[in-house]
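Each chain, written out:
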Amino acid sequence: LDRADRKALKKQGKKKEVVEKEDEDKDEDPLLANPNRMVGRMKIKDLGTPREPTRKEREVKERAEAKGRYMKLHVQGKTEQAQKDLARLAKIKAEREVAQARRKAEAD
């Protein structure tokens, strides 16, 4: 092997390592990915106590709970959108019944 071949092999090896590292990083929990990233200093006595969720975690949880409440009300027909949908469906059902009665009358 000459110098150019060795250099090319070395580059390929580094590229493979970088790709493998990126794949490993994707599998890790984002909070555990960087142990130095902390809001405050962690003390030994705090290891056993549960930590408070971050603002983003709280917001995600609140959004999920709000969506659940909305879907529960939507299924019950108490939301504005559900009432509009039910009214539209009732109108379509009435139109179909009228059309079916008209076809039946024409057939007789």
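Structure report, in brief. (Residues numbered from 1 in each chain as written. Predicted model: local features only at pLDDT ≥ 70, side-chain atom pairs only at ≥ 80, totals over all residues. Heavy atoms only, no water.)

So, the overall build of the protein chain
Applied cut-off: By the criteria applied, helices consist of DSSP H or I runs no shorter than four residues and strands consist of E runs no shorter than two, each listed in order from the N terminus. The protein chains shown are the only cover counted for residues, whose accessible areas, like all others here, come from Shrake-Rupley with a 1.4 Å probe.
Within the protein chain, the regular secondary structure consists of 4 helices and 0 strands. When the helices and strands of the protein chain are placed in sequence order, the string is α-α-α-α. As presented, the protein chain carries roughly 11,000 Å² of accessible surface, and 54% of it is formed by carbon and sulfur atoms.

Some remarks on a positive patch on the surface
Rules: Residues enter a patch when their relative accessible area is above 30% and they make no salt bridge; the linking distance is 9 Å between like charges and 5 Å between nonpolar side chains (Val, Leu, Ile, Met, Phe, Trp, Tyr). A pairing counts as a salt bridge when a side-chain nitrogen of Lys or Arg comes within 4 Å of a carboxyl oxygen of Asp or Glu. Counted as positive: Lys and Arg. Counted as negative: Asp and Glu. His and the chain ends are not counted at all. Every charge is mapped to an atom, namely NZ of Lys, CZ of Arg, CG of Asp or CD of Glu. Here's how the labels work: a residue is buried when its accessible area is under 20% of the maximum for its type, exposed when over 50%, partly exposed in between, all with a 1.4 Å probe on protein chains only.
A contiguous patch of positive charge on the surface is contributed by R3, R6, K7 and K11. On the basis of relative accessible area, R3 is assigned to the exposed category, the value being 65%.

Overview of the side chain of T79
Threshold: Pairs of N or O atoms within 3.5 Å make up the polar contacts considered here, provided that, within protein, one atom can donate a hydrogen while the other can accept it, and that residues adjacent in sequence are counted only when both atoms are side-chain atoms. Working rule for contacts: check all heavy atoms of both residues, and any pair within 4.5 Å makes them a contact.
Tracing the backbone through its elements, the reader meets T79 in the loop between α3 (55–76) and α4 (80–107). A distance of 3.2 Å separates the side chain of T79 from the backbone nitrogen of A82, its partner in a polar contact. Dropping the residues within four chain positions of it, T79 is found in contact with Y70, L73 and H74.

With respect to the pattern of salt bridges
Counting across every chain of the model gives 4 salt bridges. K84 is the partner of E80 in a salt bridge, and the nearest nitrogen-oxygen pair spans 3.5 Å. Placement of both E80 and K84 in helix α4 is noted, with a separation of 4 residues, approximately one turn of the helix. With relative accessibility at 56%, the residue E80 sits in the exposed group. K84 gets classed as partly exposed once you look at its relative accessible area, which sits at 49%. For the salt bridge of R88 with D85, the shortest nitrogen-to-oxygen distance reads 3.8 Å. Here D85 and R88 lie together in helix α4, a separation of 3 residues that amounts to about one turn. The exposure class assigned to R88 is partly exposed, which follows from its relative accessible area of 45%. Look at D85 and you get partly exposed, because its relative accessible area is 23%.

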